[in-house]
Amino acid sequence: MANVISSKSSSDEMTPRERFVAAIKREPVDRRPVGNITSSATYEQMRRTGHEWPVAHMDSEEIAGLAELSYTDLGYDTVMPYFGLIHGAAALGAPVEWGEDPFVEQDGKITSGPRMPACKQPPLWSGPDEANIPDDFLDRPEAKSIIDAIRILRKRHPDACVVGKVMGPWTLSYHMFGVQDFLLNIILDPDWVRGCLDVLKDVSVMFANAQFEAGADVLTLADHSTGDLVRADTYRDFLMPVHSEIAPRIDGPVMLHCCGNTLDRMKYIKEAGFDAFHFAYENDPHESKKEVGDFPLVGNVSNIITLMNGDPEAIKEEVKNVYSAGIDVISPECAVPPQVSDASLKMIADTVLEIDAQEKAGIEI
Ligand SMILES: [Zn+2]
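Residues numbered from 1 in each chain as written. Predicted model: local features only at pLDDT ≥ 70, side-chain atom pairs only at ≥ 80, totals over all residues. Heavy atoms only, no water.

### Some remarks on the coordination of the zinc ion
Line of reasoning, step 1. Coordination of the zinc ion by the protein is provided by His257 (NE2), Cys259 (SG) and Cys334 (SG), with metal-donor distances spanning 2.0 to 2.2 Å.
Line of reasoning, step 2. Residue class for Cys259 comes out partly exposed when judged on its relative accessible area of 24%. (Donors = N, O, S within 2.8 Å, 3.2 Å for Na, K, Ca; no water. Buried < 20%, exposed > 50% of the residue type's maximum accessible area, 1.4 Å probe, protein only.)

### Observations regarding the packing of helix H7 (residues 141–156) against helix H10 (residues 190–214)
Line of reasoning, step 1. Here H7 crosses H10 at 25 degrees, and the two axes come no closer than 8 Å. With respect to each other, H7 and H10 are oriented roughly parallel. By crossing handedness, the relation of H7 to H10 is classed as right-handed. For the pair formed by H7 and H10, the contact residues are Ala143, Ile146, Ile147, Ile150, Arg151 and Arg154 on the first element and Phe207, Ala210, Gln211, Glu213 and Ala214 on the second.
Line of reasoning, step 2. Here the contact of H7 with H10 is composed, by residue class, of seven nonpolar, one polar and three charged. (Axes fitted to C-alpha atoms, helices over the stretch in contact; angles between N-to-C directions. Helix = DSSP H or I, 4+ residues; strand = E, 2+ residues; numbered from the N terminus. Parallel < 35°, antiparallel > 145°, perpendicular 65-115°, else oblique. Left-handed = near helix turned anticlockwise from the far one by under 90°. Contact = heavy atoms within 4.5 Å. Nonpolar A, V, L, I, M, F, W, Y, C, P; charged D, E, K, R; others polar.)

### So, the confidence of the model for the protein chain
Predicted coordinates in regions of low pLDDT should not be interpreted in detail.
Line of reasoning, step 1. In the predicted model, the protein chain carries a mean pLDDT of 95, and the fraction of residues at 70 or more is 97%.
Line of reasoning, step 2. For residues 6–10, every residue scores under 50 in pLDDT, and the model assigns this stretch nine contacts once sequence neighbours within four places are set aside. (pLDDT = per-residue confidence, 0-100.)

### Concerning the environment of Ile63
Line of reasoning, step 1. As for its position among the elements, Ile63 is in helix H4 (residues 60–67).
Line of reasoning, step 2. A sequence separation of 89 residues divides Ile63 from Ile152, and the C-alpha atoms of the two residues are 9.6 Å apart.
Line of reasoning, step 3. In this structure Ile63 touches Ala56, His57, Met58, Pro81, Phe83, Ser145, Ile146 and Ala149, once residues within four positions along its chain are discounted.

### Concerning the pattern of salt bridges
Line of reasoning, step 1. On inspection of all chains with the given rule, the structure shows 27 salt bridges.
Line of reasoning, step 2. Across the pair Asp77 and Arg19 runs a salt bridge, and its minimum N-O distance is 2.8 Å. Taken as a pair, Asp77 in the loop between helix H5 (69–72) and strand E1 (78–79) and Arg19 in helix H1 (residues 16–24) lie far apart in primary sequence, 58 residues in all.
Line of reasoning, step 3. Taking the shortest distance from any N to any O, the salt bridge between Lys289 and Asp328 comes out at 2.6 Å. Of this pair, Lys289 sits in helix H13 (residues 285–292) while Asp328 sits in the loop between helix H15 (312–324) and strand E11 (329–332), and the two are 39 residues apart along the sequence.
Line of reasoning, step 4. With relative accessibility at 13%, the residue Lys289 sits in the buried group. (Salt bridge = Lys/Arg side-chain N within 4 Å of Asp/Glu carboxyl O.)

### Section: the nonpolar core
Nonpolar side chains tend toward joint burial in soluble globular proteins.
Line of reasoning, step 1. In this structure, Trp170, Tyr235, Met255, Phe277 and Ile348 are the most contacted members of the largest nonpolar core, which totals 118 residues.
Line of reasoning, step 2. Looking at this core, the element that brings in the most residues is H10, giving twelve residues.
Line of reasoning, step 3. Apart from the residues within four sequence positions on either side, Ile348 is in contact with Val34, Tyr76, Val301, Leu307, Ile315, Val319, Ile330 and Pro332. (Core = buried A, V, L, I, M, F, W, Y, C linked by side-chain atoms within 4.5 Å.)

### What about the packing of aromatic side chains?
Line of reasoning, step 1. Inspection of every chain in the model, using the stated rule, returns ten aromatic pairs.
Line of reasoning, step 2. When the centroid spacing of 5.8 Å and the interplanar angle of 45 degrees are considered together, the rings of Trp125 and Phe177 count as tilted. Taken together, the residues span a long stretch of sequence, with Trp125 in the loop between strand E5 (118–119) and H7 and Phe177 in helix H8 (residues 169–177) at a distance of 52 residues. For the pair Trp125 and Phe177, a shared accessibility class is recorded, and that class is buried.
Line of reasoning, step 3. On the numbers, 5.8 Å between centres and 80 degrees between planes, the contact of Tyr174 with Phe182 is edge-to-face.
Line of reasoning, step 4. According to the relative accessible area criterion, Tyr174 is buried, its value standing at 9%.
Line of reasoning, step 5. Among the aromatic residues, ring-to-ring pairing joins Trp125, Trp170, Tyr174, Phe177, Phe182 and Trp192 into one connected group.
Line of reasoning, step 6. Directly above the aromatic system of Phe238 lies the positively charged group of Arg194, at a separation of 4.4 Å from the ring centroid.
Line of reasoning, step 7. Above the ring of Tyr268, the side-chain terminus of Lys267 is found at 4.8 Å from the ring centroid. (Phe/Tyr/Trp six-rings, centres within 6.5 Å; stacked < 30°, edge-to-face > 60°. Lys NZ or Arg CZ within 6 Å of the ring centre and 35° of its normal.)

### Quick word on the pairing of strand E8 (residues 254–257)
Line of reasoning, step 1. Here E8 shows a buried face lined by Val254 and Leu256 and a second buried face lined by Met255 and His257.
Line of reasoning, step 2. Across four bridges, the pairing between strand E7 (residues 218–222) and E8 is parallel. Residue pairing across strands places Leu219 opposite Val254, the latter belonging to E8.
Line of reasoning, step 3. Handedness of the β-α-β unit built from E7, helix H11 (residues 232–246) and E8 comes out right-handed.
Line of reasoning, step 4. Pairing analysis gives three bridges linking E8 to strand E9 (residues 276–278), with the strands arranged parallel. What sits directly across from His257, in E9, is His278.
Line of reasoning, step 5. Remark: the E8/helix H12 (residues 266–271)/E9 crossover connection has right-handed handedness. (Pairing = 2+ DSSP bridges. Right-handed = clockwise from strand over helix to strand, strands pointing away.)

Spelled out as structure tokens, the structure:
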């Protein structure tokens, strides 16, 4: 399906879909978009609607029912139906713990519930020689459920920006070969690491293009070569060439997502050929924007400090700071912890509307 959207001048009111895509393509927008391109699913939403994990990781109707709430209830421009990190690995055959924990309530607040799914140990493959990409990858339930959820959301919300998601070959390598071996071999056996990336890069492209075909407008490619684990020159030497190769093979706008400290590698990420970068709270939004110039940035309201533990004033203040830095899409920094309240998430969208109205009225913010 071709996802062609006409661009408009910034004075016309845009649909959320038009607004978000324009921002990523560096075109004029009627206001700054708000979204979350990783996950906005919360325990509150699950309890209120009955679309609960772990079923809402595997059943496309349940996934769509949970994903659409950011658009229908929170005022975001996006819907994002891939809540965790491991659907791609699971469809490759990795054993997964899907998270069956019960919901726990304290003083009327849900304090815990089903955890995000995670890959079980030991990893499925010991090295690239053992890797075997199944021919029916896209038809396996873990991949198909996401693709079908995108199809449902596209049909149900023609004006929403539907965001797809895949893991890049770096994160897939953590899941399929084990984090420790993968990171150690950057030093001990660089060819082994390159072999892992080489065998998994096509999985990212295949899954991404199936999501565009199903109706996604934009796509998050999450690849966690974060400053907490690897150096900037490791990104430059190992992953950047792979990113440069796969970015043009993906059939729509791609936003790279990477958590943690990334300021020292943003110049490489900008060069790698992606359309935008979703960055985390550890990086000052003003310094980040200065580093990358007109390359679109998505972010970076703190999940833990602000959304989970801050009061409404703290959320407003941080949104104003991120906005004033010129960040192109205002968003939580990463998948929100599901304990975050919907009121906190909605505060991001409400604050952006407020700032926008003040700007248009000529009031200094
Ligand atoms: Zn993240």
